[in-house]
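Commentary on secondary and tertiary structure
Here is how the chains run, residue by residue.
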Amino acid sequence: MKNKIVVVTGATAGIGQVTARELARAGADVILVSRSAEKCEQTAQQIRSETGAASVRFVVADLSSQVQVRRAAQEITALSPRIDVLVNNAGAIFDQRAISTDGIEMTWALNHLSYFLFTQELLPLLKAAPAARVVNVSSGAHFMARGGIRFDDVQFANAYSGWAAYGQSKLANILFSNELVRRTGLASNALHPGAVNTSFGRNNSTPLSKLLYKLWPLFTISPEKGARTSIYLASSPLVEGVAGRYFADCKPAPTSPAAKDAAAAARLWTLSETMTQG
Ligand SMILES: NC(=O)c1ccc[n+]([C@@H]2O[C@H](COP(=O)([O-])OP(=O)(O)OC[C@H]3O[C@@H](n4cnc5c(N)ncnc54)[C@H](OP(=O)(O)O)[C@@H]3O)[C@@H](O)[C@H]2O)c1
């Protein structure tokens, strides 16, 4: 990964942190993007000291805010002439329906619209790289969105369920990844990292989620294992030129029928453009 410039979102914890650290260890010039300046500073220092990497920089942004997504992209543009790899990874589940600063349901704002808008804003830098890759961290939870994207109520104004909204957002990650290939020709892929023992879900405090996340370590893999497919898609020569695929365990994996719906992917793109108009 020497001379490769890599941007990883949600790089201060869990899968994103390991992804950033291991790509830095492999020689990449890494730019972390996360919402806490303190955690970014700590993570950057930790990566430098653990890997000896010379260049670990960071940009602070709450990616659920479109103003901050745009500002983060501008800051990266000032730091770097191109991006070789963009890892869209920051994501969360919200047991209670919450609203972003833009007035958008949080799961949709953070898990889907931030991937869409950040990638759009960084397109000139991605196109400036000889063979840019976009890695979109999705989830097997996309299978839960059996009926596809709820175009009549993407923000779950009615009958909100945290897992249903999460599943829909992870389906959107795959549809976006595929449509990005169709519209730009970029080598974009999506992935399921496995069930991973991270901070995922710990922002929630209902008794059921507390119980779930207490038991979570018993049936989950380590963040090191959970980051393998992201690292593979970001760096392996074996996937040079591969695009529009979904991976798990570093191998192509089946998706739900809804994730194969090209018309839904095109419609989602148009809706996302509308929802991110500055
Ligand atoms: N863990 C799993 O079992 C699992 C399974 C399938 C898919 N995934 C996906 O994997 C990705 C990473 O999740 P994880 O398990 O590593 O979770 P995590 O440990 O909670 O890490 C999430 C990262 O995203 C950052 N983040 C959260 N909200 C943000 C915001 N508004 N703006 C900017 N950054 C924000 C967090 O920052 P802070 O450190 O400030 O919180 C953290 O760095 C997510 O897209 C998730 O959907 C996870």
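Report follows, based on the coordinates.

Rules behind the numbers
- Residues numbered from 1 in each chain as written.
- Predicted model: local features only at pLDDT ≥ 70, side-chain atom pairs only at ≥ 80, totals over all residues.
- Helix = DSSP H or I, 4+ residues; strand = E, 2+ residues; numbered from the N terminus.
- Contact = placed C-beta atoms within 7 Å.
- Core = buried A, V, L, I, M, F, W, Y, C linked by C-beta atoms within 7 Å.
- Buried ≥ 20, exposed ≤ 12 C-beta atoms within 10 Å, placed from the backbone.
- Near = placed C-beta within 6 Å.
- Nonpolar A, V, L, I, M, F, W, Y, C, P; charged D, E, K, R; others polar.
- Axes fitted to C-alpha atoms, helices over the stretch in contact; angles between N-to-C directions.
- Parallel < 35°, antiparallel > 145°, perpendicular 65-115°, else oblique.
- Left-handed = near helix turned anticlockwise from the far one by under 90°.

In this section: the environment of S64. For S64, the location among the structural elements is in the loop between β3 (56-60) and α3 (66-79). Every residue in contact with S64, bar those within four places of it in the chain, is listed here: S100, M106, A109, L110 and S114.

Attention shifts here to the nonpolar core. Of all hydrophobic cores here, the largest spans 76 residues; its most connected members are V6, V7, V8, V30, L32, V33 and I83. Residues contacting V33, with those up to four places away along its chain left out, are V7, V8, T9, A11, V59, A61 and A72.

Our focus in this paragraph is the site of the ligand. Neighbouring the ligand are 27 residues; G10, G14, G91, T198 and F200 lie closest to it. For the shell around the ligand, the element with the highest residue contribution is helix α1 (residues 14-25), accounting for three residues. Residues of the shell around the ligand, tallied by class, amount to twelve nonpolar, twelve polar and three charged.

Helix α4 (residues 106-127) packs onto α3 with a crossing angle of 25° between their chain directions and a minimal axis gap of 9 Å. Taken as axis vectors, α3 and α4 run roughly parallel relative to one another. Two packed elements cross with a definite hand, and for α3 against α4 that hand is right-handed. For the pair formed by α3 and α4, the contact residues are Q66, V69, R70, A73, I76 and T77 on the first element and S114, L117, F118, E121, L122 and L125 on the second. When its residues are assigned to classes, the contact of α3 with α4 shows seven nonpolar, three polar and two charged.

Another point: unusual backbone geometry. Unusually for a residue other than glycine, F156 sits at a positive phi of about 50°. The residue F156 is located in the loop between β5 (133-137) and α5 (162-184) in this model. The exposure class assigned to F156 is partly exposed, which follows from the 17 C-beta atoms found within 10 Å. Here A159, not a glycine, exhibits a phi torsion of approximately 50°, which is positive.

That's the geometry; what it means functionally is another story.
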